[in-house]
Amino acid sequence: MTSGLAERRRTAREAALRGAVAEGLIGPSSPVIGLMDVDGVLDAVASLHTAFAGPATVQHTFAAKACGLVPVLRLLARAGMGCEVASPGELQQALAAGFGYDQLVFDSPAKTVEELELALGQGVAINLDNFQELARVDRILAGRPARGPVGLRVNPQVGAGAIGAMSTATATSKFGIPLRDPGAVEAVIDAFVGRPWLNRLHAHVGSQGCPLPLIAQGIRAAYELAERINETLGRRQVTGLDIGGGLPVDFTTDENRPGYADYVAELRTVVPELFDGRYTLVTEFGRSLLAKSGTIASLVEYTKSAGGRRIAVTHAGAQVATRTVFMPDAWPLRAGVFDADGSPKQGPAETVDIAGPCCFAGDLTAVERELPAIDPGDLVALYDTGAYYFSSHFAYNSLPRPAVYGYRADGAGHVRFAPIRSAQSLREVVEESGAAHADALSALTGDIASEGAGAPARTPA
Ligand SMILES: *Cc1c(COP(=O)(O)O)cnc(C)c1O
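Residues numbered from 1 in each chain as written. Predicted model: local features only at pLDDT ≥ 70, side-chain atom pairs only at ≥ 80, totals over all residues. Heavy atoms only, no water.

Draft legend 1. Representation of the overall build of the chain. The number of helices and strands found in the chain is 14 helices and 18 strands. Taking 461 residues into account, the globule formula puts the C-alpha radius of gyration at 23 Å, and the chain, at 24 Å, falls close to it. Each principal axis of the C-alpha distribution contributes one length, and for the chain these read about 75 × 70 × 40 Å. Relative to its full complement of 461 residues, the chain shows a buried share of 52%. (Helix = DSSP H or I, 4+ residues; strand = E, 2+ residues; numbered from the N terminus. Rg over C-alpha atoms; globule rule 2.2 N^0.38 Å. Buried < 20%, exposed > 50% of the residue type's maximum accessible area, 1.4 Å probe, protein only.)

In structure tokens form, the structure reads like this:
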């Protein structure tokens with residue numbers, strides 16, 4: 001049974017693929033594009049807000065690393081989201097999108113002194129990763145109170161999910177204070193004693209592959225620690241719990257499974273006190289907000305056979321689907337085949353591998369799939385690519401970042417597009433490849449002494 005939401009998503013996506021061909025957004029000169037379903041994004045935000053509605057104040061932030069495209073961030077800001085940023089670039093993207101400093105949460109594990117000064121000076125909420133960083137903040141504040149909330153990230157060490165690289169609460173994870181290490185809890189409590197401005201705990205247990213009970217257990221540990229700190233201090237100093245993101249996405253169907261309501265139900269079972277209003281809650285979802293709303297569409301350039309294996313050569317490979325190509329078991333994607341006019345392809349199926357344009361043999365986005373027989377000029381669509389795909393381009397073979405368009409479709413199949421990101425031009429590719437320094441190495445091969453030993457090579461004007 002498909003839900004109404006999933007059905008709307010599918011019909012809108014089909015309208016978008018037909019429209020993208022009709023309007024020439026995809027074609028020989030732009031053989032790969034990204035598409036973003038605007039209503040799908042707004043539906044996801046609405047269901048997030050509904051699921052958490054209750055007595056507790058909740059600040060929902062979007063994890064910018066899942067998609068730092070400014071128009072997407074602005075759409076999310078208008079829909080009532082805040083933004084979680086973890087690098088100077090993401091901070092600037094969020095500011096360009098119109099988020100105020102008080103709508104941001106700054107979470108990098110490697111914050112520099114300058115970044116900390118900026119965040120503390122502007123009242124951006126920050127989550128500190130370790131005791132060295134805490135000591136840095138002490139020096140920056142020099143006895144003044146912090147302007148915004150300051151939290152400490154803890155690692156509840158509840159274990160790994162299905163994907164090691166996505167599991168942030170293992171015994172040896174690089175993030176946060178490992179709570180089960182000897183003496184760690186006492187050290188955390190001590191840290192709160194002398195710092196009245198330290199008022200949040202942060203736990204992000206993991207992303208894709210982490211089951212809900214594991215995430216809920218980690219949040220339970222953070223909640224219990226907050227209670228213990230407040231009891232020890234005899235005052236309610238910890239006022240906020242940042243519970244991170246990490247709701248996994250079902251990449252095998254069009255459904256949102258599990259949904260935010262399932263997640264909140266799990267939390268209500270494992271940590272019911274979380275919702276009683278004593279703590280401000282912060283969330284940082286990324287993948288679950290956008291994944292289902294994105295599609296990568298590519299023209300099929302050629303089809304061929306090799307040793308009995310059918311291969312369709314497309315323009316979408318490791319440069320746009322990096323994780324899928326390098327870790328196909330952890331990040332499988334559904335693929336659909338469409339005629340040259342963008343209609344779903346009918347006809348007999350064949351077993352086929354979908355290849356990308358990169359010059360290495362493993363550049364495959366789908367392997368041994370049963371799909372309608374593919375011809376050159378058809379389109380292949382990679383579904384559920386709205387999170388982490390458009391924002392995580394890999395510059396292999398100097399392939400340019402493709403254009404991304406937002407779309408809205410009505411029930412009658414009318415569709416409208418808006419540009420989200422222009423395609424990177426080949427001129428930009430060359431400029432980003434050091435073109436301004438083209439002569440620099442030739443200059444360096446001259447007489448070293450004539451420039452003075454150790455002098456930096458001058459860039460010719
Ligand atoms: C990546 C990340 C998120 C978002 O995770 P999703 O799985 O995309 O929801 C949230 N918080 C932190 C600290 C992260 O590193």
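Draft legend 2. Main features of the packing of aromatic side chains. For the structure shown, the criterion picks out 11 aromatic pairs. Here F251 and W331 contribute two aromatic rings whose centre-to-centre distance is 6.4 Å and whose plane-to-plane angle is 80°, an arrangement assigned as edge-to-face. Of the two residues, F251 is situated in the loop between β9 (240–242) and α9 (260–270) and W331 in the loop between α11 (322–326) and β13 (335–338); the sequence distance between them amounts to 80 residues. Consider the rings of F326 and F394, whose centres lie 5.9 Å apart with planes at 70°: the pair is edge-to-face. Within this pair, whereas F326 is found in helix α11, its partner F394 is found in the loop between β16 (379–383) and β17 (404–409), the two being separated by 68 residues in sequence. (Phe/Tyr/Trp six-rings, centres within 6.5 Å; stacked < 30°, edge-to-face > 60°.)

Draft legend 3. The packing of helix α7 (residues 184–193) against helix α8 (residues 212–233), seen in detail. Packing of α7 against α8 leaves a shortest axis separation of 10 Å and a crossing angle of 55°. When the axis of α7 is compared with that of α8, the two are oblique. Viewed along their axes, α7 and α8 form a crossing whose handedness is right-handed. Contact residues: V185, E186, V188, I189, F192 and V193 in α7; L225, R228, I229, T232 and L233 in α8. Across the contact of α7 with α8, the residue classes break down as 8 nonpolar, 1 polar and 2 charged. (Axes fitted to C-alpha atoms, helices over the stretch in contact; angles between N-to-C directions. Parallel < 35°, antiparallel > 145°, perpendicular 65-115°, else oblique. Left-handed = near helix turned anticlockwise from the far one by under 90°. Contact = heavy atoms within 4.5 Å. Nonpolar A, V, L, I, M, F, W, Y, C, P; charged D, E, K, R; others polar.)

Draft legend 4. Main features of the site of the ligand. Residues in close proximity to the ligand total 15 residues, the closest being K65, S207, E284, R287 and Y388. When the ligand sits alone it has 390 Å² of accessible area, and the protein chains cover 93% of it. Looking at the shell around the ligand residue by residue, the classes come out as 3 nonpolar, 6 polar and 6 charged. (Near = heavy atom within 4 Å. Areas by Shrake-Rupley, 256 points an atom, 1.4 Å probe, with all protein chains shown as cover.)

Draft legend 5. The arrangement of the pattern of salt bridges in detail. Across all of its chains, the model carries 23 salt bridges by this definition. With its nearest N and O atoms 2.5 Å apart, the salt bridge here joins R10 to E7. With a gap of 3 residues between them, R10 and E7 both fall in helix α1 (residues 4–22), about one helical turn apart. For R10, a relative accessible area of 29% gives the class partly exposed. Relative accessible area serves as the criterion here: at 30%, E7 is assigned to the partly exposed category. Where R220 meets E273, a salt bridge forms, and the shortest distance between an N and an O atom there is 3.4 Å. One end of the pair, R220, is in helix α8; the other, E273, is in the loop between α9 and β10 (280–285), with 53 residues separating them in the sequence. Bridged by salt links that share partners, the residues R13, D254, K292, R334 and D384 form one connected network. (Salt bridge = Lys/Arg side-chain N within 4 Å of Asp/Glu carboxyl O.)

Draft legend 6. Region of interest: the environment of R147. With respect to the element layout, R147 can be found in the loop between α6 (131–141) and β6 (150–155). Linking R147 and R421, residues 274 residues apart in sequence, is a C-alpha distance of 35 Å. If sequence neighbours within four positions are ignored, R147 has contacts with L120, G121, Q122 and G123. Within the structure, R147 has its side chain in polar contact with the backbone oxygen of G121 (distance 2.3 Å). (Polar contact = N/O pair within 3.5 Å; in protein donor to acceptor, adjacent residues only side chain to side chain.)

Draft legend 7. Layout of the side chain of R334. Along the chain, the position of R334 falls in the loop between α11 and β13. Owing to a relative accessible area of 17%, R334 belongs among the buried residues under this scheme. Among the polar contacts made by the side chain of R334, one reaches the main-chain carbonyl oxygen of T253 at a distance of 3.3 Å. Discounting chain neighbours no more than four positions away, the residues touching R334 are R13, F251, T252, T253, D254, K292, R369, A381, L382, Y383 and D384.

Draft legend 8. Structural context of helix α5 (residues 113–122). Within α5, burial applies to E115, L116, A119 and L120. Taken down its axis, α5 places every buried residue within 125° of arc, on the same side. Looking at the buried residues of α5, the elements they touch are α4 (88–97), β4 (104–106), β5 (125–128), α6 and β6. Positive backbone phi, approximately 75°, marks G123, located one or two places after α5. (Arc of directions from axis to C-beta.)

Draft legend 9. Looking closely at the state of the cysteines. Counted according to the given criterion, the structure contains 0 disulfides. Of all cysteine sulfurs in the structure, the one in C67 sits closest to C83, which takes part in no disulfide; the separation is 10 Å. (Disulfide = S-S within 2.5 Å.)

Draft legend 10. Examining the UniProt feature "domain: Orn/DAP/Arg decarboxylase 2 N-terminal" (unreviewed entry) in the chain more closely. Under the UniProt annotation, the feature "domain: Orn/DAP/Arg decarboxylase 2 N-terminal" (unreviewed entry) is placed at residues 47–290. For residues 47–290, helix accounts for 38% and strand for 16%, while the C-alpha atoms at its two ends are 12 Å apart. (UniProt positions renumbered as here; feature names shortened; annotations may be inferred.)

Draft legend 11. Just the UniProt feature "modified residue: N6-(pyridoxal phosphate)lysine" (unreviewed entry) in the chain, in detail. Mapped onto this numbering, the UniProt entry annotates "modified residue: N6-(pyridoxal phosphate)lysine" (unreviewed entry) at K65. By the secondary structure assignment, K65 is in the loop between β2 (58–63) and α3 (70–78). In this structure K65 comes out as partly exposed when scored by relative accessible area, which is 42%. The contacts of K65, once residues within four sequence positions are left out, are E90, Y388 and S391.

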